[in-house]
Amino acid sequence: MNYPLMNVNRALGPAVLVIFAIALLLSRGRYLDIFFTSHTILLVIPSGLGLIIFILIKNRIKKKIDLLKIQNDVVVIKNGEKLIASVPYKLSIRERGSQSRIDYANEIEALGRVLSRAFPDLLLTIVTQLENRPNTLLIASCEGKSEEQLRRRLKEFGEFLITVKDSIAPDIEMNSMRSSRALVVPLGDGGDAVFLKVYGSVPALPNSRGYSIGFDIELGKANDGYDTPVGLRKEELLRHVAIFGTTGSGKTNTAGLIAAGAAKLGFRTVIVDWHGEYSALLKDAEKWDVKRPLKLKLFQEDDDLEEVVQVLGEALDLTEPQRFLLLTILNLVRKKSRERVFDAVVRAEENSYWIRDVKYALARKLYTISTPKADILFSDGEGVEWRDILKCLKGINVIDLSLVNNLILRKVYVLFLLRFLTEAHLRNWDGKTTIVVLEEAHNYLKEDNPFIERMMSEMRKFNLGICVVSQSPSTIAPCVIKNTNTKLVHALKSNVDKSVVRDSMALDEKFTSALDKLRVGEALLSSPTLPYPVSLRVKKG
Ligand SMILES: Nc1ncnc2c1ncn2[C@@H]1O[C@H](COP(=O)(O)OP(=O)(O)OP(=O)(O)O)[C@@H](O)[C@H]1O
Ligand SMILES: [Mg+2]
């Protein structure tokens, strides 16, 4: 069970250096020719050997002392006919002064596995206290009829532990501990090797596993064997979140948890509800729908017209010539309303055949937002302007678009709502952070364009966070994927979607191949505050 050669190897380097140093000192500048003279050799070799022997003895003595302490710590109690002996060890992070990450939980796990395999007749209990610095109590127990035999077995265990610990768990320090301070541990059925892992209720794991330290919104439990609570921090919401997953994988439930959590943190929360699911999930929410719509005023006098054209261009799928013509017309029409803009397009002079084509195609597309049906969502008179949008949307708001049948109208509405919020946060902010949940985002955040890019990359600075929800990450604008720093990915089946997620989250093969096996409510979470993606079970909201 002892490996003295390992210690010799470790001591050899320093010993050789010391020998050389002594040799050089003795040579008084005459260096190597003197080094090999007989009297130096006579001095150097014994001192080197002495040093090695000293190191070996020191190590052996230390081990002996450790073992003696352990033997002292063995407690034996009588349970009917049987005797139960156990010995506790205290494990903690070794102070090294280095900044490198320590995977405490994994080291404990590995150590536990090796020990339970090597000593199947012992009961091992590992209790970890998860406060700021984790501490673990490892208790080895066994039962039998003779005290001497039990003590011998626990001694063997202690020797083995001392020998293997450094190679399996190099960052963990082990100390003996007085039995009186250890827990009383119930034993399993006679002879069963039970490997218990009981983690404390304080949700904080070692630093390396930062995912459980200090979150603001709890999402669920990690699939790490310890059920570590996992959540998001509020600053992560401002760095934008993406939730992906196939139909029925649990996206809406997850987004609902985030929205409710954001509202609890005092954030204004706006949910673009594509299928009318959120009012049931968020009972306290203010509901806006076709019966009680939040009408937007699309054209305002002092608007940045280029941006209006970009947003309309994206929503109505306008070609470049159509965008150009619209911009020209918006510049010409002084008092802007949907009707006036539409009329101005129809009346535009046709001084070449291509203008005629462009103009009618543009008019056809603008018609969608000029019909009475569009009046449900937009109003040129009493509609809300961007500068007032924050006053209308106070706490938690569900904007239910499920009964708006025309998809183009929905798209225009969502993009203008985003534009209004963006503009208000930039120019008329009321000091309250806003989180916007965008369901079925692939319908309107499809392609990169300057407005979407600006919104995604700059808005976090102005306290506006976006939570994008979609079943189809491969059809979402690349700048949206790039700028959502936190990703929660439920099950994905399609290879194209999987590869988008794999690339954006830098997933390894193990995680990528797990994506289609996730069950309802299970997800992979990656975020800037995590050292690596975590697999979790999202709680049911
Ligand atoms: N974390 C969870 N634990 C248990 N059940 C869940 C969980 N998340 C969702 N479910 C259940 O799975 C079903 C689908 O959930 P949800 O509506 O959230 O999925 P979705 O991905 O939004 O689906 P869709 O693409 O159709 O909108 C629901 O019945 C819901 O109750
Ligand atoms: Mg859904």
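What counts and how
Residues numbered from 1 in each chain as written. Chains lettered and ligands numbered in written order. Predicted model: local features only at pLDDT ≥ 70, side-chain atom pairs only at ≥ 80, totals over all residues. Heavy atoms only, no water. Phe/Tyr/Trp six-rings, centres within 6.5 Å; stacked < 30°, edge-to-face > 60°. Helix = DSSP H or I, 4+ residues; strand = E, 2+ residues; numbered from the N terminus. Buried < 20%, exposed > 50% of the residue type's maximum accessible area, 1.4 Å probe, protein only. Lys NZ or Arg CZ within 6 Å of the ring centre and 35° of its normal. Polar contact = N/O pair within 3.5 Å; in protein donor to acceptor, adjacent residues only side chain to side chain. Contact = heavy atoms within 4.5 Å. Near = heavy atom within 4 Å. Areas by Shrake-Rupley, 256 points an atom, 1.4 Å probe, with all protein chains shown as cover. Nonpolar A, V, L, I, M, F, W, Y, C, P; charged D, E, K, R; others polar. Pairing = 2+ DSSP bridges. Right-handed = clockwise from strand over helix to strand, strands pointing away. Arc of directions from axis to C-beta. Axes fitted to C-alpha atoms, helices over the stretch in contact; angles between N-to-C directions.

- The name given to the chain in an unreviewed UniProt entry is Helicase HerA central domain-containing protein, with Sulfodiicoccus acidiphilus as the source organism.

Let's talk about the packing of aromatic side chains
Given two aromatic rings, their pairing is described by the distance between the two centres and the angle made by the two planes.
In step 1: Overall, the coordinates contain seven aromatic pairs when judged by the stated rule.
In step 2: Judged by centre distance (6.1 Å) and plane angle (55°), the rings of Tyr89 and Phe157 are tilted. With Tyr89 in strand S2 (residues 82–93) and Phe157 in helix H5 (residues 147–168), this pair connects stretches of sequence that are 68 residues apart.
In step 3: On the accessibility criterion, Phe157 (0% relative accessible area) is buried.
In step 4: Centre to centre, the rings of Phe342 and Tyr367 are 6.0 Å apart; their planes meet at 45°, and the pair counts as tilted. With a gap of 25 residues between them, Phe342 in helix H11 (residues 338–347) and Tyr367 in helix H12 (residues 353–367) connect regions that are remote in the sequence.
In step 5: The exposure class of Tyr367 is partly exposed, given its relative accessible area of 48%.
In step 6: An aromatic cluster of three or more residues is present, and its members are Tyr89, Phe119, Phe157 and Phe160.
In step 7: We note Arg387 situated over the ring of Trp386; from NZ or CZ to the ring centre the distance is 4.6 Å.

A short note on the side chain of Lys336
In step 1: Here Lys336 is to be found in the loop between helix H10 (320–332) and H11.
In step 2: Polar contacts involving the side chain of Lys336 include one to the main-chain carbonyl oxygen of Leu330, which spans 3.4 Å.
In step 3: Look past the residues within four positions of Lys336 in its chain and what remains in contact with it is Phe299, Gln300, Glu301, Leu305 and Leu330.

Structural notes on the environment of Leu296
In step 1: Turning to its location among the elements, Leu296 is positioned in the loop between strand S11 (286–288) and helix H9 (305–316).
In step 2: Of the residues examined, Leu296 reaches a relative accessible area of 0% and is grouped as buried.
In step 3: Remark: the alpha-carbon pair of Leu296 and Asp380, spanning 84 residues in sequence, is separated by 7.9 Å.
In step 4: Apart from the residues lying within four places of it in its own chain, the contact partners of Leu296 are Leu377, Phe378, Ser379, Gly383, Val384, Ile389, Tyr413, Phe416, Leu417 and Phe420.

Notes on the site of ligand 1
In step 1: Around ligand 1 there are 14 residues in total, and Gly248, Lys251, Thr252, Val538 and Lys540 lie nearest to it.
In step 2: Residue Lys540 places a side-chain N or O atom 3.1 Å away from an oxygen atom belonging to ligand 1.
In step 3: Contact with the protein chains covers 68% of the free accessible surface of ligand 1, which is 630 Å².
In step 4: Tallying contributions element by element places helix H7 (residues 251–264) first for the shell around ligand 1, with three residues.
In step 5: Taken together, the residues that form the shell around ligand 1 break down as two nonpolar, eight polar and four charged.

Focus: the pairing of strand S13 (residues 434–438)
In step 1: Within S13, five of the five residues are buried, which leaves the element mostly enclosed by the surrounding structure.
In step 2: The two faces of S13 match: Thr434, Val436 and Leu438 on one face and Ile435 and Val437 on the other face are all buried.
In step 3: Here five bridges tie strand S10 (residues 268–273) to S13, and the two strands are oriented parallel to one another. The partner of Val272 across the bridge, within S13, is Leu438.
In step 4: Remark: the S13/helix H15 (residues 450–458)/strand S14 (residues 464–470) crossover connection has right-handed handedness.

Focus on unusual backbone geometry
Residues apart from glycine generally show negative phi values, whereas peptide bonds are mostly found in trans.
In step 1: Positive phi, close to 65°, is recorded for His240, a residue that is not glycine.
In step 2: Along the chain, the position of His240 falls in the loop between helix H6 (234–238) and strand S9 (241–244).
In step 3: Backbone geometry places Glu440, a non-glycine residue, at a positive phi of 50°.
In step 4: Assignment of secondary structure puts Glu440 in the loop between S13 and H15.

Topic: H15
In step 1: Taken residue by residue, H15 has Phe451, Ile452, Met455 and Met456 as its buried positions. One side of H15 holds all its buried residues, which, seen down the axis, span an arc of 120°.
In step 2: Of the surrounding secondary structure, the elements contacted by the buried residues of H15 are H9, helix H14 (407–427), S14 and helix H16 (478–483).
In step 3: At the N-terminal boundary of H15, the capping side chain belongs to Asn449, with an oxygen 2.8 Å from the backbone nitrogen of Phe451.

A look at the sheet that holds S14
In step 1: Spatial ordering of the open sheet is given by S8-S7-S17-S16-S15-S9-S14-S13-S10-S12-S11, a layout of 11 strands whose pairing is mixed. The sheet terminates laterally at strand S8 (229–232) and S11, the two strands that pair on one side only. Geometrically, the sheet is characterised by an average inter-axis angle of 25° between neighbouring strands, direction not taken into account.
In step 2: Sheet topology note: the strand S15 (residues 486–489)/strand S16 (residues 522–526) ladder contains three bridges and is antiparallel.

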